[in-house]
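# Overview (structure and organization)
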Amino acid sequence: MKVIEMIAEMKEFVTKVKRQGKTIGFVPTMGFLHEGHLTLMRKAAEKTDFVVASIFVNPLQFGAGEDFEEYPRDLERDLRLAESAGVNLMFTPGVTEMYPSGYGTTVEVGSLTDKLCGRSRPGHFRGVTTVVTKLFNIVEPDIAFFGQKDAQQAAILNKMAADLNMNLEIKVVPIVRETDGLAMSSRNKYLSPEERKAALVLSQGLELARNFVAAGARNTADLISEITDFINREPRARIDYVEVLSFPGFSETENMHGQVIIALAVFIGGTRLIDNMVLEV
Ligand code: PAF
């Protein structure tokens, strides 16, 4: 697996790959890879001729007081895992390579960004859409792969790609879970053993919601209140949001019908975790 740090070298390499008539699959990440990332990489290897992944902890998508400095990093381990998952080229730029002094352009999607994580983390999605646009321009992928765990991010990136006529397809891959249900996330590393157990309230809250809907629940406020009560019973949990929205539109709905997304953000101790489930009602 080739590893490149510089944008100019990436662009040269990508030109060569394209000249060979190969399709490029791209998996952008912030590193500290887990099975969720590796599933995206394997999918990219299955669907395209040449797989590029990136590792870049993007300062622009972290707010003041968030975990940019502490975000887990282990490049050597990541390179080994990515290679085993079929990645051909890993792009690992530094912060000044991506945002040199005087850098002044951002990309902002005008809808979908003001709710859920966008409301709790102002400016977060502007950081995501800016870095992903830059990465797309550098890597020129035919298909880019994102996880459904970040369902709102995936929807925003889809909208951005459509609105800006980007010449690529975005594929969203289902959430990968630990055997006990916890959605895989690099931030799970922050959890103490007690918090790791407590974190199950997210996936269990979603399962509870699935059962309520299967039993005929249709009122959104009632469902939110059931999930909220369940999560609040865990003393280590502090809810950021529990929301039920139409899917894929992410709009509010009084009564559930068609596809809905149940989206959760919950602090377990100091760690903010997200999870979601899409249901056909
Ligand atoms: O999902 C992530 O890990 C990040 O938001 C992404 C897409 C790599 C952009 O920094």
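To keep things clear, this report deals only with the structure shown in the data block. What you are looking at is a predicted structure, and each value in this text was computed from that prediction instead of being measured.

## Comments concerning the nonpolar core
Among soluble globular proteins, nonpolar side chains are generally buried collectively. Ranked by internal contacts, the top residues of the largest apolar core, which has 46 residues, are Met10, Val52, Met98, Val132, Phe136, Met160 and Phe250. Setting aside chain neighbours within four positions, we find Met10 in contact with Ile4, Val52, Leu89, Phe91, Ile138 and Val139.

## Things to note about the pairing of strand S6 (residues 169-173)
Sheet topology note: the strand S5 (residues 143-147)/S6 ladder contains 5 bridges and is parallel. Bridging from a neighbouring strand, Ala144 pairs with Ile170 of S6. Traced from S5 through helix H7 (residues 151-163) to S6, the parallel crossover comes out right-handed.

## As for unusual backbone geometry
With omega at 10 degrees, the peptide bond leading from Phe247 into Pro248 counts as cis. Structurally, the position occupied by Pro248 is in the loop between strand S7 (237-246) and strand S8 (259-268). In this model, Leu112 sits at a positive phi of 75 degrees, which is unusual for a non-glycine residue. Mapping Leu112 onto the fold places it in the loop between helix H4 (95-98) and helix H5 (117-120). In this structure Leu112 comes out as buried when scored by relative accessible area, which is 15%.

## Considering the packing of aromatic side chains
With the rule as written, the count across this model stands at 8 aromatic pairs. Ring geometry for Phe13 against Phe50: centres 6.1 Å apart, planes inclined by 35 degrees, an arrangement best described as tilted. On the criterion of sequence distance, the pair formed by Phe13 in helix H1 (residues 7-19) and Phe50 in strand S3 (residues 50-55) is long-range, its members being 37 residues apart. As far as the burial class goes, Phe13 and Phe50 line up, both buried. Ring centres of Phe26 and Phe136 lie 6.4 Å apart, and the angle between their planes is 70 degrees; this geometry places the pair in the edge-to-face category. On the criterion of sequence distance, the pair formed by Phe26 in strand S2 (residues 24-29) and Phe136 in helix H6 (residues 124-139) is long-range, its members being 110 residues apart. The same class applies to Phe26 and to Phe136, which are both buried. A connected cluster of aromatic rings, assembled from ring pairs, spans Phe26, Phe136 and Phe146.

## Side note on the pattern of salt bridges
If you walk through the whole model with that rule in mind, you get 15 salt bridges. Here Asp78 and Arg77 are joined by a salt bridge, their closest N and O atoms 3.5 Å apart. For Asp78, a relative accessible area of 2% gives the class buried. Taking the shortest distance from any N to any O, the salt bridge between Asp275 and Arg177 comes out at 2.9 Å. Of the two residues, Asp275 is situated in strand S9 (residues 271-280) and Arg177 in the loop between S6 and helix H8 (193-198); the sequence distance between them amounts to 98 residues. Residue Arg177 is classed as partly exposed on the basis of its relative accessible area of 30%.

## Focus on the site of the ligand
As a structural note, the neighbourhood of the ligand is formed by Pro28, Thr29, Met30, Gln61, Val128, Val131, Phe146, Asp150 and Gln153. Gln61 is positioned with one of its side-chain polar atoms (N or O) 2.6 Å from an oxygen atom of the ligand. Side-chain polar atom of Gln153 to an oxygen atom of the ligand: 2.7 Å apart, as the coordinates give it. When the free accessible area of the ligand is taken as 290 Å², the share hidden by the protein chains comes to 89%.

## Observations regarding the sheet that holds S8
In spatial order, the strands read S7-S8-S9; together these 3 strands make up an open sheet with antiparallel pairing. Here the strands that pair on one side only, and so sit at the sheet edges, are S7 and S9. With direction set aside, neighbouring strand axes in the sheet form an average angle of 15 degrees. Judged from the 10 bridges that link them, S8 and S9 form a sheet pairing that is antiparallel. Counted as the bridge partner of Gln259 is Glu280 from S9. Sheet strands in contact with helix H9 (residues 200-214) are S7, S8 and S9, and its direction is about 20 degrees off that of S9. In this fold helix H10 (residues 220-232) packs onto S7 and S8, with an angle of close to 160 degrees to the strand it touches most, S7.

What counts, and where the lines are drawn
Residues numbered from 1 in each chain as written. Predicted model: local features only at pLDDT ≥ 70, side-chain atom pairs only at ≥ 80, totals over all residues. Heavy atoms only, no water. Core = buried A, V, L, I, M, F, W, Y, C linked by side-chain atoms within 4.5 Å. Buried < 20%, exposed > 50% of the residue type's maximum accessible area, 1.4 Å probe, protein only. Contact = heavy atoms within 4.5 Å. Pairing = 2+ DSSP bridges. Helix = DSSP H or I, 4+ residues; strand = E, 2+ residues; numbered from the N terminus. Right-handed = clockwise from strand over helix to strand, strands pointing away. Phe/Tyr/Trp six-rings, centres within 6.5 Å; stacked < 30°, edge-to-face > 60°. Salt bridge = Lys/Arg side-chain N within 4 Å of Asp/Glu carboxyl O. Near = heavy atom within 4 Å. Polar contact = N/O pair within 3.5 Å; in protein donor to acceptor, adjacent residues only side chain to side chain. Areas by Shrake-Rupley, 256 points an atom, 1.4 Å probe, with all protein chains shown as cover. Axes fitted to C-alpha atoms, helices over the stretch in contact; angles between N-to-C directions.

Scope: geometric values only; no functional claims are made or implied.
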